[in-house]
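Summary of structural features
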Amino acid sequence: MEVEAVGAVEEAAAVGVMVEGAVEVVAAEAAEELAVENEDGTKVEYRVWNPFRSKLAAAILGGVDNIWITPGSRVLYLGAASGTTVSHVSDIVGPARILALNASYFLKNGGHFVISIKANCIDSTVPAEAVFAQVVKTLQVDQFKPSEQVTLEPFERDHACVVGGYRMPKKQKAAP
């Protein structure tokens, strides 16, 4: 993964890493989010990954060339104190993938899950509802049975929470 400065940031001290999937990592000024319009007119949103709150972001800015984290990869990250790094790793790997892998190791059949989904961290080019539907579909393929889904408006924009069961036992028919 390459780290590159953007515009005036080359002249100023870079204080964050901006992440959009595993496709690009760029140094940027302190801002929560940055929207960039590509040459083809599509917009990509980036979120600051603060190296003062994440050792992994600090390592990237410090010169680590490859963190071996790509979409769909398996990641064991130890040291998740405040959750900042885990949140950004989830942006790269995908929240449904992380949930599925963890459930396969740590959740018993018939166990339950809660997942929060931030749509623009998964795909900022489509409506949030389409992202939520795709995540739910992925969960179902991985043997999750969502039972409830709510958006988190007005508290969080373009977020949803999905709860349900994992590898739920088939219901037994009542004896006649």
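Definitions and cut-offs
Counting starts from 1 at the beginning of each chain's written sequence and moves along it residue by residue. Two thresholds apply to this predicted model, a pLDDT of at least 70 for residue-level local features and 80 or more for giving and counting side-chain atom pairs, whereas whole-chain, interface and lining totals are computed over all residues. Side-chain metrics rest on all non-hydrogen atoms present in the structure, leaving aside hydrogens and water. UniProt positions are given in the numbering used here, feature names are shortened, and annotations may be inferred rather than shown by experiment. Salt-bridge detection follows one rule: a side-chain nitrogen of Lys or Arg within 4 Å of a carboxyl oxygen of Asp or Glu. Three exposure classes are used, based on accessible area relative to the maximum for each residue type with a 1.4 Å probe and protein chains only: buried under 20%, partly exposed in between, and exposed over 50%. Should DSSP find at least two bridges between two strands, the strands are taken to pair. In DSSP terms, a helix is any run of H or I states spanning at least four residues, a strand is any run of E spanning at least two, and both are numbered starting from the N terminus. Each axis is a line fitted through C-alpha atoms, taken for helices only over the stretch in contact, and angles between the N-to-C directions span 0 to 180 degrees. Working rule for contacts: check all heavy atoms of both residues, and any pair within 4.5 Å makes them a contact. As a per-residue measure, pLDDT reflects the predictor's confidence and takes values from 0 up to 100.

The name an unreviewed UniProt entry gives the protein is rRNA 2'-O-methyltransferase fibrillarin, with Platanthera guangdongensis as the organism. Check the Sequence similarities (unreviewed entry) section of the UniProt entry for the protein; it says "Belongs to the methyltransferase superfamily. Fibrillarin family."

According to the stated counting rule, one finds one salt bridge in the structure shown. For D158, the salt bridge goes to R157, with nearest N and O atoms at 3.4 Å. The class of D158 is partly exposed, set by a relative accessible area of 23%.

Strands sit in the order β6-β8-β7 across an open sheet of three strands; the sheet is antiparallel. Strand pairing shows two members of the sheet lacking a second neighbour, β6 (111-118) and β7 (144-151), which therefore form its edges. Neighbouring strand axes in the sheet, compared pairwise and without regard to direction, differ in orientation by 20° on average. Bridge count between β6 and strand β8 (residues 159-166): eight bridges; the pairing is antiparallel. Within the sheet, the bridge partner assigned to V114 lies in β8 and is V163. Against the sheet, helix α3 (residues 95-106) makes contact with β6, β7 and β8, and its axis sits at roughly 160° relative to β6, the strand it touches most. Strands β6, β7 and β8 of the sheet are contacted by helix α5 (residues 128-141), whose axis makes an angle of about 160° with β7.

Here the focus is the side chain of S90. Mapped onto the elements, S90 comes out in helix α2 (residues 84-93). The class of S90 is buried, set by a relative accessible area of 17%.

A word on α2. Counting buried positions along α2 gives eight out of ten residues, so the element sits mostly inside the fold. One or two positions beyond α2, positive phi appears at G94, with a value near 110°.

Moving on, we get to the pairing of β8. The element β8 is extensively covered by neighbouring structure, given that seven of its eight residues are classed as buried. With seven bridges connecting them, β7 and β8 associate as antiparallel partners. Along β8, the bridge assignment pairs T151 with A160.

The next subject is the confidence of the model for the protein. Residues of the protein with pLDDT of at least 70 account for 78%, and the chain-wide mean is 77. Scored below 50 in pLDDT, residues 1-15 shows 31 contacts in the model against residues more than four places distant or in partner chains. Note that residues 21-31 has pLDDT below 50 and, in this model, 40 contacts with residues that lie over four places away or in other chains.

A few words on unusual backbone geometry. Omega for the bond connecting E153 with P154 falls within 30 degrees of zero, at 0°, which places this linkage in the cis form. Here P154 shows up in the loop between β7 and β8. The backbone of W68 sits at a positive phi, close to 60°, despite the residue not being glycine. The residue W68 is located in the loop between α1 (55-62) and α2 in this model. Positive phi values are uncommon outside glycine, yet R167 reaches one of about 45°. Within the secondary structure, R167 sits in the segment after β8.

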